Amino acid sequence: MATSIKKATKKMEFGDLELSLRLGGREIFNAEKRLGKSMLSLFMDSQGGNKLPPVNEILIVLQSANQTAGVTDAKIVKAFEKYLDQGHTTMELFNDLMELLELSGFFGKKDKNTKTDSESVSLEAEEPTEDSLL
């Protein structure tokens, strides 16, 4: 018997809307269908380099991920205008998208057992010690 894993939900204040965002299989399918391309291609140019996606594509992903009832495309665009009027930037919107994708496991699962190396490394020149050749 397969077990169901519930995807994490991201709450987001967006203009005058409170969005509840989740990217599961159905939401990714819907976003890619509307975009006409893979969501990974949002971040790659035609030569395979990195790029920032245009705002309209970010809004399509947000709308596809939105779980709040009654939020139309027109409301998303109006909320985006208000979001900017409130002093937010398109870079903040991009960061929200990245948080959503990461939270949803879009870039893969993080290894909970990964250890960080706490040994400090200095690039400063050190005084030679007796047993040092340099």
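Read on for an overview of the structure. Just so it is clear, the structure is predicted and the values come from calculations on it, not from any experiment. (Residues numbered from 1 in each chain as written. Predicted model: local features only at pLDDT ≥ 70, side-chain atom pairs only at ≥ 80, totals over all residues. Heavy atoms only, no water.)

## Some thoughts on the pattern of salt bridges
As a reminder of what qualifies: The term salt bridge refers to a pairing of a side-chain nitrogen on Lys or Arg with a carboxyl oxygen on Asp or Glu at a separation within 4 Å. Under the DSSP-based scheme used, a helix requires at least four consecutive residues in state H or I and a strand at least two consecutive residues in state E, with every element numbered from the N terminus.
Across all of its chains, the model carries 4 salt bridges by this definition. Arg 34 is paired through a salt bridge with Asp 73; the nearest N and O atoms lie 2.7 Å apart. A residue pair is termed long-range when its members are at least 10 positions apart, and Arg 34 in helix α1 (residues 25–35) and Asp 73 in helix α3 (residues 73–85) qualify at 39 residues.

## Side note on the environment of Arg 26
For clarity, the cut-off: Per-residue accessibility, obtained with a 1.4 Å probe over protein chains only, is compared with the maximum for each type, and a residue is labelled buried under 20%, exposed over 50%, and partly exposed between these values.
Summarising the element assignment, Arg 26 is placed in helix α1. The class for Arg 26 is exposed, based on a relative accessible area of 65%. Separated by 38 residues in the primary sequence, Arg 26 and Ser 64 have C-alpha atoms spaced 8.9 Å apart.

## Here we look at helix α2 (residues 55–65)
Rule in force here: Any two residues whose heavy atoms approach within 4.5 Å are treated as being in contact.
Burial within α2 is extensive, with 9 of its 11 residues counted as buried. The set of residues buried in α2 consists of Glu 57, Ile 58, Leu 59, Ile 60, Val 61, Leu 62, Gln 63, Ser 64 and Ala 65. Looking at the buried side of α2, the elements it contacts are β1 (10–14), β2 (17–21), α1, α3 and α4 (90–103).

## Comments concerning the pairing of β2
Selection criterion: DSSP bridges decide pairing: two strands pair if at least two such bridges lie between them.
Burial within β2 is extensive, with 4 of its 5 residues counted as buried. Examined bridge by bridge, β1 and β2 share 5 bridges and lie antiparallel to one another. When the sheet's bridge partners are listed, Lys 11 is paired in β2 with Ser 20. Where β1 hands over to β2, the hairpin turn is made up of 2 residues, of which Gly 15 adopts a positive phi near 60 degrees.

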